[in-house]
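If you want the building blocks of each chain, they are given just below.
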Amino acid sequence: MKCKKNLGKSGLRVSCLGLGELVLKAGEIFISMAENLMTIAYENGVNLFDTAEVYASGRAEITLGNIIKKKGWRRSSFVITTKIYWGGQAETERGLSRKHIIEEIVRAMTFVINQGMAMYWGTSRWSAMEIMEAYSVARQFNLIPPVCEQAEYHYFQRDKVEVQLPELYHKIGVGAMTWSPLACGLITGKYSDGVPECSRAAMKCRVGTGYQWLKERVNSEEGRRQLAKIKELHLLADRLGCTAAQLAIAWCLRSEGVSSVLLGVSNTDQLLENLGILSQMTPQTITEIDALLGNKPHSKKESRA
C-alpha cells in the first residue's frame, strides 16, 4: 500500500490508509496487540496513526511514542494525530479552550503550533459552516487555519464528505480524513443474522460509552434495509475478486478531497485484509454501487440544474 496524498492542500503527506483506535485500553495485552498492528501497518506503507486523549486513560499517545522508540523507527516518518475534548471527568479537563467559541479555538490551536507541540490542526465532526468560520477567523487575525476535517464516511453516510467537504477543499484547501468505512462492522456482514456475542453491538462499554445505539440500529427497519443492500454488495465484491471490506474502503478513497481513510481493526487478520484494497474503482463499478445504494447525494450545482 504505497499510496500517499497531501492532507488537504497542506504540504503534509499522509498514507491513503491510516490506522486508528490502536490503544483504546491500558494493559500489556492491548499494548502488545497495538505494537503488532502498528508494525504490520508501517511495513505496508502506512504512516498515519490516529489516537485521542481519551484512549487508554490519556496514555495512548505516550504508548505509540514508546513503540516507535522500541522499534528504532524514525519519528519523522510518522504522522500521529490526536483528538482533544473529552479529556477527563472534571469540568476543567474537558473542552477546547477558555471559551468554547471558534475564535478562541483557532487562537488556542495557533498557540499549540507556534509552541512546537503540533505541526497542523484540524477539526472533527464540525459543520461546513463552522470550518469556514474558523478559516475566516484565521485569515482576519493572522492565525493558523485548520487543514482537515475528520468525518464519518461509508455507504450509508455520504452527504457531508461528498457534497459539503469538496466545496471547502476547493475554496480553502481543507481535506477529509474519514473514519468508520465499514460502518462499525455493519458492512462486513457480521450482523446479517443478528448480533454476535463478540461484536461491538454486544459490548456494554467502550471508552466510557456503550454500543446500545449500534444494536438498536442493526435491529431497526432502516438497519434491515441496509443489511439487505450489504448482501448485494457482497455479491458484487465476489464478482470483483475482493472482500466486502476491501470494496468499501476503495469506494471511500475514490471520493474527491479524501486524503486518508482511517481503519479500525482488532486483530492482524483484519488489518491485512483491509490493506489489500482494490487498486482502483472503475466508473462502471461506482455507477453500479450508486444504483444499488440509491442514496447518492446531489451537489448544489446538480440541485440548481
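All values derive from a computational prediction rather than experimental measurement. (Residues numbered from 1 in each chain as written. Predicted model: local features only at pLDDT ≥ 70, side-chain atom pairs only at ≥ 80, totals over all residues. Heavy atoms only, no water.)

## A word on the pairing of strand S3 (residues 17–20)
Here is step 1: Alternating positions in S3 separate into two faces, Leu 17 and Leu 19 on one and Gly 18 and Gly 20 on the other, with burial throughout.
Here is step 2: With four bridges connecting them, S3 and strand S9 (residues 258–264) associate as parallel partners. The partner of Leu 19 across the bridge, within S9, is Leu 263.
Here is step 3: Across two bridges, S3 lies against strand S4 (residues 48–50) in parallel orientation. In the sheet register, Leu 19 faces S4, and the bridge partner there is Phe 49. (Buried < 20%, exposed > 50% of the residue type's maximum accessible area, 1.4 Å probe, protein only. Helix = DSSP H or I, 4+ residues; strand = E, 2+ residues; numbered from the N terminus. Pairing = 2+ DSSP bridges.)

## Thoughts on helix H2 (residues 60–71)
Counting along an α-helix, one turn takes 3.6 residues, and residues three or four places apart therefore face a common direction.
Here is step 1: Here H2 is twelve residues long and its end C-alpha atoms lie 17 Å apart, about the 16 Å a rise of 1.5 Å per residue gives.
Here is step 2: Of all the positions in H2, only Ala 60, Thr 63, Leu 64, Ile 67 and Ile 68 are classed as buried. Buried residues in H2, looked at end-on, bunch into an arc of 140°, giving them a common side. Those residues of H2 that are exposed and aimed more than 90 degrees away from the buried face are Lys 69 and Lys 70.
Here is step 3: Gly 72 sits one or two positions beyond H2 and adopts a positive phi of about 75°. (Expected span 1.5 Å × (residues − 1). Arc of directions from axis to C-beta.)

## Concerning the side chain of Gln 246
Here is step 1: Looking at the secondary structure, you find Gln 246 in helix H8 (residues 244–253).
Here is step 2: Only 3.0 Å separates the side chain of Gln 246 from the backbone nitrogen of Thr 243, close enough to count as a polar contact.
Here is step 3: One polar contact links the side chain of Gln 246 to the main-chain carbonyl oxygen of Glu 273, over a distance of 2.9 Å. (Polar contact = N/O pair within 3.5 Å; in protein donor to acceptor, adjacent residues only side chain to side chain.)

## Remarks on the nonpolar core
Here is step 1: Among the nonpolar cores identified, the biggest contains 73 residues, and Leu 19, Met 38, Phe 49, Tyr 155, Leu 271 and Ile 289 are the most heavily contacted of them.
Here is step 2: Per element, the largest residue contribution to this core is eight residues, and it comes from H8.
Here is step 3: Every residue in contact with Phe 49, bar those within four places of it in the chain, is listed here: Leu 19, Leu 22, Met 38, Ala 41, Tyr 42, Leu 64, Phe 78, Val 79, Ile 80 and Thr 81.
Here is step 4: If you look at the next biggest cluster of nonpolar residues, it comprises nine residues, including Leu 12, Val 79, Cys 148 and Met 177. (Core = buried A, V, L, I, M, F, W, Y, C linked by side-chain atoms within 4.5 Å. Contact = heavy atoms within 4.5 Å.)

## What to know about the pairing of S9
Here is step 1: Most of S9 is tucked away: six of the seven residues are buried.
Here is step 2: Pairing between strand S8 (residues 175–179) and S9: three bridges, direction parallel. When the sheet's bridge partners are listed, Ala 176 is paired in S9 with Val 258.

## Brief notes about helix H9 (residues 268–275)
Here is step 1: Here H9 has its buried residues at Leu 271, Asn 274 and Leu 275. Buried residues along H9 cover an arc of 100° about the axis, so they all sit on one side.
Here is step 2: Capping of H9 at its N-terminal end is provided by Asn 267; its side-chain oxygen lies 3.2 Å from the backbone amide nitrogen of Asp 269.

## As for unusual backbone geometry
Here is step 1: Not every positive phi belongs to a glycine, and Asn 142 is a case in point at roughly 60°.
Here is step 2: Structurally, Asn 142 is set in the loop between helix H4 (128–140) and strand S7 (148–152).
Here is step 3: Here the phi dihedral of Ala 183 falls at roughly 50°; this positive angle occurs in a residue that is not glycine.
Here is step 4: One can find Ala 183 in the loop between S8 and helix H6 (212–219).

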